[in-house]
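# Fold and geometry: a report
Residues per chain are reported as follows:
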Protein chains: 4
Amino acid sequence: MPDGIYYADYLQLDKILGAQLPESDKTAHPAHDEMLFIIIHQSYELWFKQIIHEMTWVRDSFLNPINDNSPAMQVAVHRLRRVTTILSLAVKQIDVMETMTPLDFLDFRDLLRPASGFQSIQFKIVEAMLGLRMEDRHAGNYYISQLRAADIQLIQKAEKEKSLLELVNAWLERMPFFEQPENWNAHQPVSNPMEHVFWKEYRETYEQSLVREEKENIRFFDSVFFQRDENEKRKLSPKACRSALFIMLYRDYPLLQLPYQLLNILLDIDELLSTWRYRHVNMVQRMIGTRVGTGGSSGKNYLRAALDKHYVFSEIAELTSFLIERQHLPTLTSELEQRLGFVKN
Amino acid sequence: MPDGIYYADYLQLDKILGAQLPESDKTAHPAHDEMLFIIIHQSYELWFKQIIHEMTWVRDSFLNPINDNSPAMQVAVHRLRRVTTILSLAVKQIDVMETMTPLDFLDFRDLLRPASGFQSIQFKIVEAMLGLRMEDRHAGNYYISQLRAADIQLIQKAEKEKSLLELVNAWLERMPFFEQPENWNAHQPVSNPMEHVFWKEYRETYEQSLVREEKENIRFFDSVFFQRDENEKRKLSPKACRSALFIMLYRDYPLLQLPYQLLNILLDIDELLSTWRYRHVNMVQRMIGTRVGTGGSSGKNYLRAALDKHYVFSEIAELTSFLIERQHLPTLTSELEQRLGFVKN
Amino acid sequence: MPDGIYYADYLQLDKILGAQLPESDKTAHPAHDEMLFIIIHQSYELWFKQIIHEMTWVRDSFLNPINDNSPAMQVAVHRLRRVTTILSLAVKQIDVMETMTPLDFLDFRDLLRPASGFQSIQFKIVEAMLGLRMEDRHAGNYYISQLRAADIQLIQKAEKEKSLLELVNAWLERMPFFEQPENWNAHQPVSNPMEHVFWKEYRETYEQSLVREEKENIRFFDSVFFQRDENEKRKLSPKACRSALFIMLYRDYPLLQLPYQLLNILLDIDELLSTWRYRHVNMVQRMIGTRVGTGGSSGKNYLRAALDKHYVFSEIAELTSFLIERQHLPTLTSELEQRLGFVKN
Amino acid sequence: MPDGIYYADYLQLDKILGAQLPESDKTAHPAHDEMLFIIIHQSYELWFKQIIHEMTWVRDSFLNPINDNSPAMQVAVHRLRRVTTILSLAVKQIDVMETMTPLDFLDFRDLLRPASGFQSIQFKIVEAMLGLRMEDRHAGNYYISQLRAADIQLIQKAEKEKSLLELVNAWLERMPFFEQPENWNAHQPVSNPMEHVFWKEYRETYEQSLVREEKENIRFFDSVFFQRDENEKRKLSPKACRSALFIMLYRDYPLLQLPYQLLNILLDIDELLSTWRYRHVNMVQRMIGTRVGTGGSSGKNYLRAALDKHYVFSEIAELTSFLIERQHLPTLTSELEQRLGFVKN
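Residues numbered from 1 in each chain as written. Chains lettered and ligands numbered in written order. Predicted model: local features only at pLDDT ≥ 70, side-chain atom pairs only at ≥ 80, totals over all residues. Heavy atoms only, no water.

## Brief notes about the packing of helix α10 (residues 193-209) of chain D against helix α11 (residues 217-225) of chain D
Residue and element names in this part refer to chain D. Under the convention used in this document: Lines are fitted to the C-alpha atoms to define the axes, a helix being fitted only along its stretch in contact, and any angle between axes, read from their N-to-C directions, falls within 0 to 180 degrees. Put simply, DSSP H or I for four residues or longer makes a helix, DSSP E for two residues or longer makes a strand, and each gets a number counted from the N terminus. Roughly parallel here means an angle under 35 degrees, roughly antiparallel means over 145, roughly perpendicular means 65 to 115, and every remaining angle is called oblique. Two helices cross in a left-handed way if the nearer one is turned anticlockwise from the farther one by less than a right angle. They cross in a right-handed way if the turn is clockwise. In this description, contact between two residues means that some pair of their heavy atoms is separated by no more than 4.5 Å.
With their axes 10 Å apart at the nearest point, α10 and α11 run at an angle of 155° to one another. On the basis of their axis angle, the class for α10 and α11 is roughly antiparallel. Considering the relative orientation of α10 and α11, their crossing is right-handed. Seen from α10, the contacting residues are Tyr202, Arg203, Tyr206 and Glu207; seen from α11, they are Asn217, Ile218, Phe221 and Asp222.

In structure tokens form, the structure reads like this:
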């Protein structure tokens, strides 16, 4: 056998394959399927570690303001896309869990109390890194009551750092399409004339495009992009929303291609997490019905409530409400086209 | 070229490939992605036709009472499992739709009004064949206002026939485990002593297994399996519920293997339809935001409401609430074991 | 926080999440993607452990001759079907690996030499448990030269136990359709008249169904089912092949439903392993082209050669060559129908 | 009911859903599964139409030389990525076909002779548009003998147009990284000094990176990138290969991001088509074993032979053999970095 690195050592297989200790093996009734239950959850934790590895890199690279179309931006998009591929696998992994029938689960379920998937610290860190705050979580206090102090601190530490949502907001605000961003609104034009002209035209076209039942949307438009009501708590600033919409509208210009991909991938991440939660709800429901989960609460109700509340990038998603038909888009000046990287041959 | 059947004729490709007539091609602005929109929907309709083909066969075979463990039962399970494979593909097909961006959709969206996916007659027939009735549908009247009279009749015709749900109820009621089914309840024992003894023991064990927060479940137990409140509208009779639970508990006995697979596949169908609707909701939301759908209503809200209401076999799913640990199951008599096809060597 | 079991302890997350030690972290050039490489392989090893867990149970239950249609048989089918679900996930997991580009892999590839996926002991044990023997492996000696003595012993131990292939052969031979199995062949009829009559009729019908180019198939038929050439090494005996074909033909009878599912699942396992190897080949090819793998040999060529040689249940798969149309099947006597569990109403 | 477009009319559902005419329905033995067989193939043909729709647009846009980083390039990448999503669905669709057992297929198989999937004109057009020529097809003459004259002409017409492979070659040759491309080789330096210096350094580093068993690769290197042997028939010119490798090496620079995505997607298309063929082979093998296909030849052998021969972009894939570690890459001059769109802050 050749010298050097050996597969089993490199992968630390003694640890990995020695970490399955079914509780039911300590009883008179070993439950065959407990192994599956352990391995599925360990596999999920491995993937969560990988997702955190990718997101940490992305977050760190966004802390640095100089990355609009740089190599780093390309790498960030690539690594977030990898996160979506991993989440897609995580969704499919539920198929494996579903091969465990309710009766098979009952064979060891009571032995696990009060442990529960709610206690996955890594998953909470993933959510926090994206931008979910404890106060926005469904049943945040309940969580805390189930966790060790050290683990709560880990989550709180993650929450204190800049989230991807905040960094994306800052990055969108920096976008220099129309030189200086301004506090424009329908009545007080922004001081940058180019930007003013553009949005004025856009707003008019948008208003015309609304059918009768949608007329109210124009107020929503003004609130999102210009005059924000003081009481309204939104995560993205008007300036950031304008940039995001601009990117969606002119995504084909060289300078906007990566930014557009980035925005889309963030929505993909939200959607995949949501699909994962949804399939998870359905599985829990089939598995335990109206019984109380091992963590002591109704697993199904928790997960269902989280479905609607845990979207992080919903304010980006809802910008589609403000799109207009491509053929009616304001024409860009050649100067602006050039700034977006377009060179006429 | 040899004589005989030719691929293109056999598949009627002139019709299939000649049926894409984009509305935007009639305008000055042909929209590239309208072709995709048409083809995705046509592909869905082909699969719906196949699902109806399978379900029609299954329904017809269940109209005949003699199929508990017969070859026909095996075929029914096989064909319903095929329906799940098709639905699984239908879920994945949303990936293709999601390659169409909101802006690309806007290029032709207004041209399609008021046509809408709500008008898919075949999908409604699938739902009706499973057991969804117009009065249980979210926004049933709205539907009707959008459909041609002839199409409404097609759906109503499907609703008048025995649904899979009703046929499964009747089949479960016929199950001859304990000879004659009886109107047993906690106070008035069923006349069949074997059945009485079994369920009495089961009920006691179940009651003991409940943790504090679940104590109420025993009333739910009685209501589901024995004394049904008059006002309560449930789809499955107490007798059918007892049979279904019995199948879940003793599924490994030869006679119960196929019945168990059947029950599981029905839940898979519900779950896949639900996953399909859920991904559909998310997609519509990303596509049109808060705009009004081509059919004139909020696509997203409709679909989200349907999510919870359109489960057909939820009463089977919730039986998992009444499972007890395998090691505490009442022991079956040898006589009963034999009736379930088990021969000791 | 409540007392009792805690999620992180139960899953031994300190071990699982502490087992990633990238080699490149010890150099001046940490490679971001090495974490992914490690985690993917660890996840595969977790799943291999689960597959071995399931297959060990199935093998043990088949060592016991009394399981034709017993509860144990139902459980065996269920657990092998779970193996297919896991393999299906393993195939999809390649999507994640493919997010690592060749250049990213180069950043740490040389640091891993001579470690290689060829050294996965668990995967070789899975293959051995199914029925692959070292002498049938592509490049068996090469393997051995790359492994530690203790690991070679583990594989050899697995090879010495009864494989699933052998156990399935024995189980098929035990099938009691026509009372006693006999050494029937085309010229020397079996002594059991019922079996003799059946296969004589079947052989004639099959011969008539062959089109001109297929006429040779009848010799193949005789060799597979009756008179085996001494030099021919086949894994399944003629008696076992007759049982397997009989099961395929009359699969809808109650007694044959599970056996048919079992045979099909074995083919699914072969096919999924093969798809996994195939996608793996393609990935390696894209990753390293004509370069030499970290294990010192051409990864691509090895994997491609294994593609054709490593089918374990190919003799079952090829039985489809001997099917005839259902409408021409020999009619079974009522006695035989009854033995197959069919009761006319 | 509102006026205007109606779902069923828009989708031409009378044609789509009226195009299933099972041959077995004309006999005394209607075969239930023939409907599935027809619908699967019709669904494939719908998707092939969509793929042709996308590829036609991409090809037309590449006929125009001005698209290196233009909006059109972005759209081309997006639409080819959609093709991969569709192919991914096409692979999964085989799951549905596999729910048809061999015996079920036999019920109508003979009625279809000599029709066969070999006669799918659209699939051959897809292959031709990518760059597969009749002379490179496995068994090209056989094909022609099975097709109507009009259909052969359709394929030949597709083959006469510029293929994606040729257009990509031309596009790669146009890449202006080092001003003028030259006939450089190891002994006769290219006249452009910058390009000369770059490749000289690259070649030396590559040579040093080769381990003992790979030393021959340096000749392969020279042949691929510089001095092409006259007899050697390769699809991509040395200049195009140099550009493609350069893109892979410096893919993170703004100007190379889309080109890199494009190259990768072409490999994805090859790989997905290959996975589709591979699963198709396995399915045919399980379905008909060694019997002759409905088209009169051994389906399995044809498909297996096609597996290796029908890669269109293999010369791009094999460029990974020539990558070197990122840390040893030649440093680019600031001038070149600027030309690649990189602006230092």
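## A few points about the interface of chain A and chain C
Short version of the rule: The term buried area refers to how much accessible surface (probe radius 1.4 Å) is lost by two components on association, counted for both of them together. Any Lys or Arg side-chain nitrogen located within 4 Å of an Asp or Glu carboxyl oxygen qualifies as a salt bridge. Counted as a polar contact is a pair of N or O atoms within 3.5 Å, where, for protein atoms, one must be capable of donating a hydrogen and the other of accepting one, and residues adjacent in sequence contribute only when both atoms are in side chains.
Taken together, the contact between chain A and chain C spans 70 residues of the former and 70 residues of the latter. Considering only the side of chain A, the residues that lose the most area to chain C are Tyr7, Tyr10 and His32 of chain A, jointly responsible for 13% of the buried surface there. Across the salt bridge formed by aspartate 33 of chain C and arginine 82 of chain A, the nearest N and O atoms sit 2.8 Å from each other. Here chain A is connected to chain C by 36 residue pairs in polar contact (both at pLDDT 80 or more). Contributing elements (two or more residues each) for the side of chain A that touches chain C: α1 (7-10), α2 (13-16), α3 (34-63) and α4 (71-97) of chain A. In terms of residue count, α3 of chain A provides more of the side of chain A that touches chain C than any other element does, 18 residues in total.

## A few points about the packing of aromatic side chains
Test applied: Only rings of Phe, Tyr and Trp enter the pairing, Trp through its six-membered ring, and a pair is recorded when the two centres are within 6.5 Å. The plane angle decides the type: under 30 degrees is stacked, over 60 is edge-to-face, the rest tilted. Buried residues are those whose accessible area, probed at 1.4 Å on protein chains only, stays under 20% of the maximum for their type, while exposed residues exceed 50% and partly exposed ones sit between those limits. Charge-over-ring placement is defined geometrically: NZ (Lys) or CZ (Arg) within 6 Å of the ring centre, and within 35 degrees of the ring normal.
Counted by the stated rule, this structure contains 106 aromatic pairs over all chains. Relative to phenylalanine 108 of chain C, the ring of phenylalanine 105 of chain C lies with its centre 5.4 Å away and its plane at 75°, an arrangement referred to as edge-to-face. With phenylalanine 105 of chain C and phenylalanine 108 of chain C both in helix α5 (residues 102-109) and three residues apart, the pair spans about one turn of that helix. No difference in accessibility class separates phenylalanine 105 of chain C from phenylalanine 108 of chain C, as the two residues are buried. Aromatic pair phenylalanine 37 of chain D and phenylalanine 108 of chain D: ring centres 5.5 Å apart, planes at 65°, arrangement edge-to-face. A residue pair is termed long-range when its members are at least 10 positions apart, and phenylalanine 37 of chain D in helix α3 (residues 34-63) and phenylalanine 108 of chain D in helix α5 (residues 102-109) qualify at 71 residues. There is no split in this pair, since phenylalanine 37 of chain D and phenylalanine 108 of chain D are both buried. Three or more aromatic residues joined by ring pairs form one cluster here, namely Phe198, Trp199, Tyr202, Tyr206, Phe220, Phe221, Phe225, Phe226, Phe246, Tyr250, Tyr253 and Phe322 of chain A. Directly above the aromatic system of tryptophan 57 of chain B lies the positively charged group of arginine 79 of chain B, at a separation of 4.5 Å from the ring centroid.

## Points about the nonpolar core
Threshold: Only buried residues count toward a nonpolar core, which is a set of Ala, Val, Leu, Ile, Met, Phe, Trp, Tyr and Cys residues joined through side-chain atoms within 4.5 Å.
Core analysis: the largest hydrophobic core is formed by 231 residues, its most contacted members being Trp171 and Tyr202 of chain B together with Trp171 and Tyr202 of chain D. Counting 230 residues, the second largest nonpolar core, distinct from the first, contains Tyr253 of chain A together with Leu80, Tyr250 and Leu323 of chain C.

## Some details on the pattern of salt bridges
Taken as a whole and judged by the stated rule, the model has 95 salt bridges over all chains. One salt bridge in this structure joins arginine 133 of chain C and glutamate 166 of chain C, with 3.9 Å as the shortest N-O distance. Remark: glutamate 166 of chain C occurs in helix α9 (residues 164-174) and arginine 133 of chain C occurs in the loop between α6 (121-130) and α7 (140-145); sequence separation between them is 33 residues. Via salt bridges that share partners, Asp104 and Asp107 of chain A together with Arg251, Asp252 and Arg326 of chain B belong to a single interconnected network.

## Overview of the relation of the copies chain A and chain C
Counted only if it meets this: We superpose the copies by least squares over the C-alpha atoms of residues that have a pLDDT of at least 70 in both of them.
When chain A is fitted to chain C, the residual RMSD is 0.0 Å, and the transformation amounts to a turn of 180° plus an axial shift of 0.0 Å. Here the two chains are linked by the operation of a two-fold rotation axis. An overlap of 100% is found between the interface residues of chain A and their copies at the interface of chain C, pointing to a shared contact surface.

## Structural notes on helix α12 (residues 238-249) of chain A
Residue and element names in this part refer to chain A. Heads up, the rule is: To estimate how far a helix should extend, the number of its residues minus one is multiplied by 1.5 Å.
In a regular helix each residue adds 1.5 Å, so 12 residues correspond to 16 Å; α12 covers 16 Å between its end C-alpha atoms and thus fits that length. Of all 12 residues in α12, 12 are buried; the element is thus mostly enclosed. Turning to α12, its buried residues number three or more, namely Pro238, Lys239, Ala240, Cys241, Arg242, Ser243, Ala244, Leu245, Phe246, Ile247, Met248 and Leu249.

## Quick word on helix α6 (residues 121-130) of chain B
All names here are of chain B. A large share of α6 lies buried, amounting to 10 of its 10 residues. Taken together, the buried positions of α6 are occupied by Ile121, Gln122, Phe123, Lys124, Ile125, Val126, Glu127, Ala128, Met129 and Leu130. Positive backbone phi, approximately 145°, marks glycine 131, located one or two places after α6.

## Focus on unusual backbone geometry
Residue and element names in this part refer to chain A. In this chain, arginine 113 is followed by proline 114 through a cis amide linkage whose omega measures -5°. Secondary-structure assignment places proline 114 in the loop between α5 (102-109) and α6 (121-130). Residues other than glycine seldom take positive phi values, yet glutamine 12 does so here, at roughly 55°. Position of glutamine 12 among the secondary structure elements: in the loop between α1 and α2.

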